[in-house]
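# Overview (structure and organization)
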Amino acid sequence: MQNKHFIGLGVAGNFAGHLEQAGEASDFVKVETKEAIQPKAIFPFYVPSQTLSDSEQFLSIFPLSHQEIKFPDNADNLQIEPEVALICQIEYSDKKVTALKPTHFAAYNDCSIRRPNARKICEKKNWGVASKGISATRIPLDKFVKGGNLDSYRIACFHKRHDQLSEYGINSQTVGYSYFHQKLLDWIIDRMNNQPDQDPMNNIANLLKQAGYPAQAIISIGATRYTEFGEKNFLQIGDTSIVVVYNAEKYSENEILTMVNAEQFEQDISALVQKVI
């Protein structure tokens, strides 16, 4: 994260059932999709530009942290959103996105305020410094097609309060995403070029222009489903959020749980441990 000249985007509705659990399915009633499992939209969480409109200026604040979540003012319904983030190179032609080339992946927390009346998705996502999280451990992708190394990984999520550890997200396979591999990339490229400024969505093409057509993107590809505990419990100051993306062919769930309890992880695991402050 030394170079902050990338655009930060997220995918909404790429894991069956998450939007319903988050109370956000109604936000997308007017959004048309070609098939039932299709994600609903992409949204910006960071745009490196000082020329954004007054209503979008908050997106220019760098929100990612490896270690902390800063509790927002005037909000008490903050939830962890455990995801995989792809670090991608962006290719353009005639100011249109023509390709996304993922190079690495990492554990990601698309931490969100549940605001039922928010005008745009992005208004729930960036409330300033340390409002989201990405692991400092980024794992190289060998290829983002079926059989690639990311296919063997799982996403786990935990919550700790007063040394009481609880499973917050359902331990899920990365291949459980509704859209994945090239199908996901093709859909994101289409949304980057063609998504309108309508209802909960932003015009991403306009944001890319204002950012000077950045060469890189960090794209969080969707949150997993919550456990019953995660669905009903919100973050408080002093809590710890833990998101772990690990190779299930190498590590068992019990081994991951031992590491989570100790907050110490092997170097080939992408783990994100954030204290709520």
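Scroll up a little and you will see the structure.
Please read all numbers here as calculations on a predicted model, not as lab measurements.

All right, on to the overall build of the protein then. A tally of regular secondary structure across the protein gives 5 helices and 15 strands. Its C-alpha atoms give the protein principal-axis dimensions of roughly 50 × 45 × 40 Å. In the protein, buried positions account for 56% of the 277 residues. Partitioning the contacts of the protein with sequence separation of at least 6, the portion at a separation of at least 24 is 77%. Summed over its atoms, the accessible surface of the protein is roughly 12,100 Å², and 46% of this surface lies on carbon and sulfur atoms. Taking the 28 positively charged and 33 negatively charged side chains of the protein as two groups, their mean positions are separated by 4 Å.

Right, let's get into the nonpolar core. Counting 54 residues, the largest nonpolar core has L86 and M192 as its most contacted members. Take this core: its biggest share by element is 6 residues, from helix α2 (residues 181-194). The contact partners of L86, leaving out residues within four places of it in the chain, are P102, H104, F105, L141, F144, L150, L185, A217, I218, I219 and I221. V244, I256, V260 and A271 belong to the second largest nonpolar core, which has 12 residues in total.

The next point concerns the sheet that holds strand β14 (residues 240-247). Spatial strand order, β4-β15-β14-β11-β12: 5 strands in an open sheet with mixed pairing. The outermost strands of the open sheet, each flanked by one partner alone, are β4 (68-69) and β12 (164-173). Both β4 and strand β15 (residues 270-276) contribute to a ladder of 2 bridges, which runs parallel. The residue of β15 that forms the bridge with I69 is V276. Along the sheet, helix α5 (residues 253-262) makes contact with β11 (153-161), β12 and β14, crossing β14 at roughly 145 degrees.

Okay, the state of the cysteines next. One pass over the full model with this rule turns up 0 disulfides. For the unlinked cysteine C111, the closest cysteine sulfur is that of C157, found at 9.7 Å. Given the relative accessible area of 0%, C111 is considered buried. Here C122 stays unpaired: no disulfide links it, and the sulfur of C111, its closest cysteine neighbor, is 16 Å away.

Tallying each qualifying case throughout the model produces 12 aromatic pairs. Centre to centre, the rings of Y46 and F62 are 5.3 Å apart; their planes meet at 85 degrees, and the pair counts as edge-to-face. Of this pair, Y46 sits in strand β2 (residues 41-46) while F62 sits in the loop between β2 and β3 (64-65), and the two are 16 residues apart along the sequence. Here the aromatic rings of Y92 and Y213 are separated by 5.3 Å at their centres, their planes lie at 80 degrees, and the arrangement is edge-to-face. Here Y213 lies in the loop between α3 (204-210) and β13 (216-220) and Y92 lies in strand β6 (residues 82-93), a separation of 121 residues in the sequence.

Turning our attention to unusual backbone geometry. Even without being glycine, K95 reaches a positive phi, approximately 65 degrees. Even without a glycine there, the phi angle at E263 is positive, about 55 degrees. Among the structural elements, E263 can be located in the loop between α5 and β15.

Along its 14 residues, α2 runs 20 Å from first to last C-alpha, staying within 8% of the 20 Å computed at 1.5 Å per residue. Restricting attention to buried positions, one finds in α2 the residues H181, L184, L185, W187, I188, I189, R191, M192 and N193. Packed against the buried residues of α2 are β1 (7-12), β2, β6, β7 (96-109), α3 and β13.

Attention shifts here to the pattern of salt bridges. Counted under the stated rule, the structure contains 12 salt bridges. Put simply, K120 and D197 hold a salt bridge, and the shortest N to O gap is 2.5 Å. Taken together, the residues K120 in the loop between β8 (112-113) and β9 (132-134) and D197 in the loop between α2 and α3 connect sequence positions 77 residues apart. Residue class for K120 comes out buried when judged on its relative accessible area of 5%. Here the residues in one salt-bridge network are E81, D110, R114, K125 and K132, joined through shared partners.

Analysis parameters
- Throughout, a residue's number is its position along its own chain's written sequence, starting from 1.
- The predicted nature of this model means local features are confined to residues of pLDDT at least 70 and side-chain atom pairs, given and counted, to a pLDDT of 80 or more, with totals for whole chains, interfaces and linings taken over all residues.
- Neither water nor hydrogens contribute to the side-chain values; these are computed over all heavy atoms in the structure.
- Secondary structure counts use DSSP, requiring at least four H or I residues in a row for a helix and at least two E residues in a row for a strand, with both numbered from the N terminus.
- The rule is simple: take the accessible area with a 1.4 Å probe, protein chains only, and divide by the maximum for that residue type; under 20% is buried, over 50% is exposed, in between is partly exposed.
- The criterion used for residue contact is that any of the two residues' heavy atoms lie within 4.5 Å.
- Note on areas: these come from Shrake-Rupley sampling with a 1.4 Å probe, and a residue is covered only by the protein chains present in the view.
- Only four residue types enter the tally: Lys and Arg on the positive side, Asp and Glu on the negative side; His and the chain ends are excluded.
- A single reference atom marks each charge: NZ on Lys, CZ on Arg, CG on Asp, CD on Glu.
- By nonpolar core we mean a set of buried residues, namely Ala, Val, Leu, Ile, Met, Phe, Trp, Tyr and Cys, connected to one another through side-chain atoms within 4.5 Å.
- Think of it this way: DSSP has to see at least two bridges between two strands before they count as a pair.
- To get an axis, fit a line to the C-alpha atoms, keeping to the stretch in contact for a helix; angles then go from 0 to 180 degrees between the N-to-C directions.
- Here, two cysteine sulfur atoms that lie within 2.5 Å of each other are counted as a disulfide.
- Ring pairs are drawn from Phe, Tyr and Trp, using the six-membered ring of Trp, whenever the two centres fall within 6.5 Å, and their geometry is named by plane angle: stacked under 30 degrees, edge-to-face over 60, tilted for the rest.
- One fewer than the residue count of a helix, multiplied by 1.5 Å, yields its expected span.
- Think of a salt bridge as a Lys or Arg side-chain nitrogen and an Asp or Glu carboxyl oxygen that are within 4 Å of each other.

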